[in-house]
Amino acid sequence: MYRRAWVLMVVLAVGMAAWALIEAWVLGKSVIDPEGSFLGPSYIRLPLLLLGALLLDLVPVSILTNLRTPGAIPGAVRRRLRKHWTKERWTLVASGIISFYVVYVTYRNIKSFLPFMIDTKYDRELHLLDKALLFGHEPATVLHSVLGTSFSAHILSYVYLWFLPMVPLVVTAWVVWSRNLSYGYWFVTSQCLAWTFGTISYYLLPTLGPGFEYPQLYVDVAATPSLQLMDSLAFTRGEVMAGTVGGAVQSVAGFASLHTAITLLVALMVQYTIRNRWLRIAVWINFGITVIATLYFGWHYIADDVAGALIALASFYLGGRASGQKFRRGGLTSYPTTTTSQVPVLKD
């Protein structure tokens, strides 16, 4: 029923893995798990992720709602497992989480290999384009003048860094709680597409980003966790390229902005599949602030954000078609054309 989406997820995961392995072989390097040093090896972490997804659903739904009647908890757990955790749901959760995990880990490695594969950088060209678009002004300077460089810097920093825990959380949420399984396949397939397209974009137009290439533009900004992260990435990049550190990846690449791509993709998914008005408003605000933060701190050029938005739109549409979504009204709305025995087709 969801064969096309499932096949696309697997193909993307296998393709990204093959790309990483081939580059590692050419460069004489190893593919590493960038999170393994402090989260444990993948053969332990993946089963824990799947178990965590199960508990994330069962604990609030079956246990917390029956705290006053503990005797009812076993029956509630059995009912939830029987009704919600069908074979189709397990297939979605397992294949979705594993495929996303493989794509993300290989993305980190391929991104790390970039400076060893391509020496050319296009920061100067994108910097000139930024100034041309703003009639000779620097995007960062304009934002610093309008927003200030103290209080607003901390707000923007925390919103920007929220991206890091947000990514695995939203993937897990969609595969576990999607009321229609096609929505789960839509989201995770779109995620795999976006990270793959983003990886390709790094190689099409390699850049560092204005904060790394033109740090003098950001000296007045208050010290925030975002700038501390930038300093840490710059240091690690130097160590990795010098070969003085092992088991680490360099994570500096500007074009395109995957912060923009993924936050826009989340906003689109919420807009099309969730009816809660306040949640819709929240994800669009998160997207808007994230885009501002990419320019404010110098993570990206304007072109990076535009390209990130295009990646999100393409991934959203292709993932929707693969998972059986029918777009209408010029793509402004959609409804699923697939269903399960538990969930009818929605027609609003």
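Here is what the cut-offs are and how they apply
Residues numbered from 1 in each chain as written. Predicted model: local features only at pLDDT ≥ 70, side-chain atom pairs only at ≥ 80, totals over all residues. Heavy atoms only, no water. Helix = DSSP H or I, 4+ residues; strand = E, 2+ residues; numbered from the N terminus. Contact = heavy atoms within 4.5 Å. Areas by Shrake-Rupley, 256 points an atom, 1.4 Å probe, with all protein chains shown as cover. Buried < 20%, exposed > 50% of the residue type's maximum accessible area, 1.4 Å probe, protein only. Polar contact = N/O pair within 3.5 Å; in protein donor to acceptor, adjacent residues only side chain to side chain. Axes fitted to C-alpha atoms, helices over the stretch in contact; angles between N-to-C directions. Parallel < 35°, antiparallel > 145°, perpendicular 65-115°, else oblique. Left-handed = near helix turned anticlockwise from the far one by under 90°. Phe/Tyr/Trp six-rings, centres within 6.5 Å; stacked < 30°, edge-to-face > 60°. Core = buried A, V, L, I, M, F, W, Y, C linked by side-chain atoms within 4.5 Å. Patch = residues over 30% accessible without salt bridge, like charges linked within 9 Å, V, L, I, M, F, W, Y side chains within 5 Å. Salt bridge = Lys/Arg side-chain N within 4 Å of Asp/Glu carboxyl O. Lys, Arg positive; Asp, Glu negative; His and termini not counted. Charge placed at Lys NZ, Arg CZ, Asp CG, Glu CD. Expected span 1.5 Å × (residues − 1).

(A) Inspection of the overall build of the protein chain at higher detail. Check the secondary structure of the protein chain and you find 15 helices and two strands. Long-range pairs, those at least 24 residues apart, make up 80% of the contacts in the protein chain between residues at least 6 apart in sequence. Carbon together with sulfur atoms contributes 67% to the accessible area of the protein chain, which is approximately 16,600 Å² in total.

(B) Looking closely at the side chain of Ser152. Mapping Ser152 onto the fold places it in helix H8 (residues 151-161). Of the residues examined, Ser152 reaches a relative accessible area of 15% and is grouped as buried. For Ser152, the side chain forms a polar contact with the main-chain oxygen of Gly148, separated by 3.2 Å. Filtering out sequence-adjacent residues up to four positions away, Ser152 remains in contact with Leu147 and Tyr296.

(C) Quick look at the packing of helix H13 (residues 258-273) against helix H14 (residues 277-296). Packing of H13 against H14 leaves a shortest axis separation of 9 Å and a crossing angle of 165°. Accordingly, the angle class assigned to the pair H13 and H14 is roughly antiparallel. The interaxial crossing formed by H13 with H14 has left-handed handedness. Side by side, H13 and H14 meet where His259, Thr260, Thr263, Leu264, Val266, Ala267, Leu268, Val270 and Gln271 of the first sit next to Leu279, Arg280, Val283, Trp284, Asn286, Phe287, Thr290, Val291 and Thr294 of the second.

(D) Expanded view of the packing of aromatic side chains. Scanning all chains against the criterion turns up 21 aromatic pairs. Between the aromatic rings of Tyr104 and Trp195, the centroid separation amounts to 5.2 Å while the plane-to-plane angle is 90°, which identifies the pairing as edge-to-face. Separated by 91 residues along the polypeptide, Tyr104 in helix H5 (residues 87-117) and Trp195 in helix H10 (residues 181-204) bring together distant segments of the chain. Using a relative accessible area of 23% as the deciding quantity, one classes Tyr104 as partly exposed. We classify Trp195 as buried; its relative accessible area is 2%.

(E) Focus on the packing of H8 against H14. Between H8 and H14, whose axes approach to 9 Å, the crossing angle comes to 115°. Classified by the interaxial angle, the pair formed by H8 and H14 is roughly perpendicular. Like other packed secondary-structure pairs, H8 and H14 cross with a definite hand, here left-handed. Here Ser152, Ala153, Leu156, Val159 and Tyr160 of H8 lie close against H14, whose contacting residues are Asn286, Ile289, Thr290, Ile292, Ala293, Thr294 and Tyr296.

(F) Up close: unusual backbone geometry. Ala256 follows Phe255 through a cis peptide bond whose omega is 0°. Here Ala256 shows up in the loop between helix H12 (225-242) and H13. With a phi angle near 55°, Phe135 is a residue other than glycine that sits in the positive phi range. Mapped onto the fold, Phe135 is located in the loop between helix H6 (123-133) and helix H7 (139-147).

(G) View of the nonpolar core. Residues Trp195, Ile262, Val266 and Phe316 are the most contacted members of the largest nonpolar core, which totals 71 residues. Discounting chain neighbours no more than four positions away, the residues touching Val266 are Met166, Val170, Trp174, Phe187, Gln191 and Val283. Among the nonpolar cores identified, the runner-up in size contains 20 residues, and Tyr218, Leu227, Val252 and Trp299 belong to it.

(H) Molecular detail of a positive patch on the surface. A surface patch of like charges, here positive, comprises Arg78, Arg79, Arg82 and Lys83. Locating Lys83 in the fold gives a position in helix H4 (residues 73-83).

(I) Just helix H15 (residues 302-322), in detail. With 21 residues, H15 extends 30 Å between its outermost C-alpha atoms, agreeing within 8% with the 30 Å of an ideal straight helix rising 1.5 Å per residue. Looking one or two residues past H15, Gly324 carries a phi angle of roughly 90°, positive in sign.

(J) The side chain of Thr196, seen in detail. Within the secondary structure layout, Thr196 lies in helix H10. Within the local environment of Thr196, its side chain forms a polar contact with the backbone oxygen of Cys192, the two atoms lying 2.7 Å apart. What Thr196 contacts, discounting residues up to four positions off in sequence, is Leu12, Met16 and Val103.

(K) Quick peek at the environment of Phe255. In this structure, Phe255 sits in the loop between H12 and H13. C-alpha separation for the pair Phe255 and Tyr202, spaced 53 residues apart in sequence, amounts to 5.6 Å. Each residue touching Phe255, except ones within four places of it in the same chain, is listed here: Leu126, Ser201, Tyr202, Leu205, Thr207, Ala303, Asp304 and Ala307.

These figures capture arrangement, not role.
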